[in-house]
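Descriptive structure summary
For reference, the chains in residue letters:
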Amino acid sequence: INAYLCGTFYEKSKFKLIDIEKKMAQEDVFKKLVSHCKEYGFVFPSSDIYDGLGAVYDYGQMGVELKNNIKKYWWDSMVLLHENIVGIDSAIFMHPTIWKASGHVDAFNDPLIDNKDSKKRYRADVLIEDQLAKYDDKINKEVAKAAKRFGESFDEAQFRSTNGRVLEHQAKRDALHTRFAKALNDGNLDELRQIIIDEEIVCPISGTKNWTEVRQFNLMFSTEMGSTSEGAMKIYLRPETAQGIFVNYLNVQKTGRMKVPFGIAQIGKAFRNEIVARQFIFRMREFEQMEMQFFVKPGTELDWFKKWKEIRLKWHKALGFGDASYRYHDHDKLAHYANAATDIEFLMPFGFKEVEGIHSRTNFDLSQHEKFSGKSIKYFDPELNESYTPYVIETSIGVDRMFLSIMSASYCEEQLENGESRVVLKLPAALAPVKLAVMPLVKKDGLPEKAREVIDSLKFHFHCQYDEKDSIGKRYRRQDAIGTPYCVTVDHQTLEDNCVTLRNRDTMQQERVAISELNNIIADRVSIDRKSTRLNSSHVALSR
């Protein structure tokens, strides 16, 4: 369990967790993480003193800093590192015809199914995807057992292609996947329900298979705009930020003198009336997106789609959580606007889940807006001396899901050599809410005053905290729990040599450094530029 808490899975030689134990351990991890987020000021239930509001959350003093750092990391890598990507901030309220043109009014639906015994509602496609994941788990367990048994001589490819149990599980998985993909693409709700029945999928709450029919449910929130009920116009809270980019793309192109290929980035709120909102902040009704729409010449979109898939995965891996924590998941059913789509999934405590989507949206959105608005929004290509409607590659991240993935990967419970334990958030230093904590060893002898001098010299450069309450050990533990990468302790020797003790969060090692060098040392170790620089060469290559 401790290995899992640290974000790494290990094969234990002395014991093997059975399915139920593993599931309980993962659920325990997730519960601890949710509790930790509230206890240390990262995430609160919205309207908490009124018993909360379902699937709506507020970010606390630590959470908002982490969230802002995530957004800055994304924005800088998109806008600063590309000569041909710029940003906008479009309005949440938009003309209602926009959502008719985009297809959201008619097609923005989820297939839902109810269990008659528990009275709980589920997405039918998610239930089936979970069943596919169970087949994958069975295959991986057979492979893991064989690898342990045969050691270095184990040939995984040969084992997967010849072992009877693996082939049996794989055949069932492939058959289910084929059937599921066809039902999705055909929009066959009856078949989705029949798959759930045939696979004997049970309700996680009641444990029964007493299912209703599958029904479609539109996810958009609607409201009215106008001073009188007679003159009010029905409008929608935007379910995505992309349409604000599409209706402004020509404004940006002309005023910015942009040439295809070019991109427009945006960070903003979106709203979906999720009936099956669950798993903490993973699926919410009010959430934030980081989206970039990249406009390309028709016929080149699939090449750009492949390039953006690669660069976006590199961006995630640069955070340092391990390559095994990420994977691609190609869509079985393409949205009405796409000719290619894939997700980047991250290994959450409840399995691999989407954190970013990359889509080749063709020219659907721009063509639809041209049709419904009656205005030409074609791009004139001076090199070809012709006008055309650009194709679009979309990269879209849920900020809240990104937040959850980072918290999940960083949360760690450690047993120390002295027999004590600690809870630590091993956040990437560039994203940590607090970069540096300054602590006087004791609250007397001029140490608090000296510590204040230190923090005053640094607070314009980093988010710092001053802490003088409790023992130095307890103060270290508090900073570990919020993910502060470095702590500075001012002691009596500091008054003589102007040096302080600098403690590293992850290793707990301490070093003596001069106060005059602190700014440079911390800047070098926690700057977001260090993360962005790793991506610079590949991102700039895409810009040209």
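The next subject is the overall build of the chain. In terms of regular secondary structure, the chain is built from 19 helices and 23 strands. Over its C-alpha trace the chain gives a radius of gyration of 26 Å, about what one expects of a compact globule, namely 24 Å for 544 residues. Structurally, the chain occupies a C-alpha span of about 75 × 65 × 55 Å along its principal axes. Classification of the 544 residues of the chain by burial places 50% in the buried group. Across the chain, contacts joining residues at least 24 apart in sequence account for 67% of those joining residues at least 6 apart. A total of about 26,500 Å² of accessible surface is found on the chain, and carbon and sulfur atoms cover 49% of it. If you average the places of the 78 positive and of the 79 negative side-chain charges in the chain, the two averages end up 1 Å apart.

So, about the environment of Thr389. On the secondary structure map, Thr389 appears in the loop between strand E15 (386-388) and strand E16 (391-398). Relative accessible area serves as the criterion here: at 11%, Thr389 is assigned to the buried category. In this structure Thr389 touches Pro298, Asn363, Leu366, Ser367, Glu370 and Lys378, once residues within four positions along its chain are discounted.

Moving on: the sheet that holds strand E19 (residues 436-440). Taken together, the five strands give an open sheet; going across it, the order is E20-E19-E21-E22-E23, and neighbouring strands pair in mixed fashion. Strands at the two margins of the open sheet, each flanked by one partner only, are strand E20 (464-466) and strand E23 (510-514). Within the sheet, the average angular offset between the axes of one strand and its neighbour, ignoring direction, is 25 degrees.

Now for unusual backbone geometry. Negative phi values dominate among residues other than glycine, just as trans dominates among peptide bonds. Omega for the peptide link from Val260 to Pro261 comes to 5 degrees, which places this bond in the cis form. Locating Pro261 in the fold gives a position in the loop between helix H11 (249-255) and strand E9 (262-271). In the Ramachandran plot, Lys119 falls in the positive-phi region, its phi being about 65 degrees despite a non-glycine side chain. Checked against the element boundaries, Lys119 lands in the loop between strand E4 (109-114) and strand E5 (121-123). Under the relative-accessibility criterion, Lys119 is labelled exposed at 67%.

Quick look at the pairing of strand E17 (residues 411-415) now. For E17, a buried count of four out of five residues is recorded, marking the element as mostly surrounded by other parts of the structure. Relative to strand E18 (residues 421-425), E17 runs antiparallel, the two being bridged by five bridges. If you follow Gln415 over to E18, its bridge partner there is Ser421. Turn length for the E17-E18 hairpin, with the two strands adjacent in sequence and antiparallel, is five residues, and the turn residue Gly419 shows positive phi of about 90 degrees.

Attention shifts here to the packing of helix H3 (residues 61-80) against helix H14 (residues 399-410). The interhelical angle for the contact between H3 and H14, taken along N-to-C directions, is 110 degrees, at an axis separation of 10 Å. Classified by the interaxial angle, the pair formed by H3 and H14 is roughly perpendicular. Counting all contacts with H3, which are made through Gly63, Leu66, Lys67, Ile70 and Lys71, the residues of H14 involved are Val399, Asp400, Met402, Phe403, Ile406 and Met407. Per-class residue counts for the contact of H3 with H14 are seven nonpolar, one polar and three charged.

Conventions we followed
Residues numbered from 1 in each chain as written. Predicted model: local features only at pLDDT ≥ 70, side-chain atom pairs only at ≥ 80, totals over all residues. Heavy atoms only, no water. Helix = DSSP H or I, 4+ residues; strand = E, 2+ residues; numbered from the N terminus. Rg over C-alpha atoms; globule rule 2.2 N^0.38 Å. Buried < 20%, exposed > 50% of the residue type's maximum accessible area, 1.4 Å probe, protein only. Contact = heavy atoms within 4.5 Å. Areas by Shrake-Rupley, 256 points an atom, 1.4 Å probe, with all protein chains shown as cover. Lys, Arg positive; Asp, Glu negative; His and termini not counted. Charge placed at Lys NZ, Arg CZ, Asp CG, Glu CD. Pairing = 2+ DSSP bridges. Axes fitted to C-alpha atoms, helices over the stretch in contact; angles between N-to-C directions. Parallel < 35°, antiparallel > 145°, perpendicular 65-115°, else oblique. Nonpolar A, V, L, I, M, F, W, Y, C, P; charged D, E, K, R; others polar.

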